[in-house]
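Fold and geometry: a report
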Amino acid sequence: MLSLYLRGTSPVHRAPAGLKLAVLAGLGVGLFTTARLEVMAGALAAVLAVALLVARLPATVLAAHARPVWLWLAALLGVHLLVTDWRTGTVAVLRVLTLVLAAAVVTSTTRVTALVAVVEWVAGPLRVVGVRPARIGLVVAMTLRFIPLVADQAARIREAQAARGAERLRFGLLVPLLVRVLRLAHTLSEALDARGADDAPARRGSPRRA
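Presented here is a report on the structure given in the accompanying data block. Since the structure is predicted, the reported quantities are computational estimates derived from the model, not experimental observations.

1. With respect to helix α6 (residues 86–109)
In an α-helix, one turn spans 3.6 residues, which is why side chains three or four residues apart end up on the same side. Taking 1.5 Å as the rise per residue, α6 with 24 residues should run 34 Å; its terminal C-alpha atoms sit 34 Å apart, in good agreement. Between the side-chain oxygen of the N-cap and the backbone nitrogen of Arg-87 there are 3.0 Å, and the N-cap of α6 in question is Asp-85.

As structure tokens, then:
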């Protein structure tokens, strides 16, 4: 089973999942309430210090989380250079990169089950309007599960293409990956339907059908 979680005994690993999610949410709000470059640089340095020194995560793990967004960050900086200035663009890039790495720290040091439990607890009051917290938790769990699964499928397709001498066909990865993801989604939907995932929960005290 692929997972974003990395086992460890650091203080960050032992911290409650709710606390880590609250800190992540607070960090996100705080970063979007200021546009000072020194604050963004300090926040990024603090996240890296927590990840490398406190949580003792490998630098390769952080790099793997940042690699998929570097093109987007470069494009974001380029747009700001055209319409605003380099300082505003740098602030935007540092803000996004900090949040990506902070989220990587949370998912790498917290089990999916703990994250799902927190999400279901937070969504608990929504029961009064007909929302099922268990379903929200299921969506979160599947999302976290599919991230490394899709990455693994992409790596397998690249290896297969390289074995056939097609390593230069960068855009040839998109179509087979999309087909595999759609197949996985179809298989998953059939499994959920077979287990009654879309059935309405029985009310308490209601008689069961024979």
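Following the structure, the description resumes.
2. Some remarks on unusual backbone geometry
Unlike most non-glycine residues, Arg-56 shows phi in positive territory, near 55°. For Arg-56, the location among the structural elements is in the loop between α3 (37–54) and α4 (59–66).

3. Focus: the environment of Val-12
Within the fold, Val-12 resides in helix α1 (residues 11–14). On the basis of relative accessibility, which here comes to 12%, the residue Val-12 falls in the buried class. Spatially, the C-alpha atom of Val-12 lies 8.2 Å from that of Val-50, the residues being 38 residues apart in sequence. Not counting residues up to four positions away in its chain, the partners in contact with Val-12 are Lys-20, Val-50, Val-54, Ala-55, Val-105 and Thr-109.

4. Here's the deal with the side chain of Arg-95
Note on placement: Arg-95 falls in helix α6. No salt bridge forms around the buried Arg-95; measuring N to O, its nearest opposite-charge neighbour Glu-38 is 11 Å away. Of the polar contacts made by the side chain of Arg-95, one reaches the backbone oxygen of Thr-34; its length is 2.9 Å.

5. Considerations on the pattern of salt bridges
Side-chain pairing between opposite charges can occur once the charged atoms of the two side chains come close. This structure, assessed with the given rule, holds 2 salt bridges. A salt bridge links Arg-36 to Glu-38; the nearest nitrogen and oxygen atoms lie 2.8 Å apart. Given the relative accessible area of 49%, Arg-36 is considered partly exposed. On the accessibility criterion, Glu-38 (41% relative accessible area) is partly exposed. Put simply, Arg-87 and Glu-38 hold a salt bridge, and the shortest N to O gap is 3.7 Å.

6. Thoughts on the nonpolar core
One finds Leu-97 and Leu-101 to be the most contacted residues of the largest nonpolar core, which totals 22 residues. Listing elements by their share of this core, those giving two or more residues are α3, α4, α5 (70–83) and α6. The element best represented in this core is α6, accounting for 8 residues.

7. Structural notes on the side chain of Thr-107
In this fold, Thr-107 is placed in helix α6. Looking at Thr-107, the relative accessible area reads 16%, which means it is buried. From its side chain, Thr-107 meets the backbone oxygen of Ala-104 in a polar contact 3.2 Å long. Beyond its immediate stretch of four places on either side in the chain, Thr-107 contacts Leu-4, Tyr-5, His-65 and Leu-144.

Criteria and thresholds
- Residues numbered from 1 in each chain as written.
- Predicted model: local features only at pLDDT ≥ 70, side-chain atom pairs only at ≥ 80, totals over all residues.
- Heavy atoms only, no water.
- Helix = DSSP H or I, 4+ residues; strand = E, 2+ residues; numbered from the N terminus.
- Expected span 1.5 Å × (residues − 1).
- Polar contact = N/O pair within 3.5 Å; in protein donor to acceptor, adjacent residues only side chain to side chain.
- Buried < 20%, exposed > 50% of the residue type's maximum accessible area, 1.4 Å probe, protein only.
- Contact = heavy atoms within 4.5 Å.
- Lys, Arg positive; Asp, Glu negative; His and termini not counted.
- Salt bridge = Lys/Arg side-chain N within 4 Å of Asp/Glu carboxyl O.
- Core = buried A, V, L, I, M, F, W, Y, C linked by side-chain atoms within 4.5 Å.

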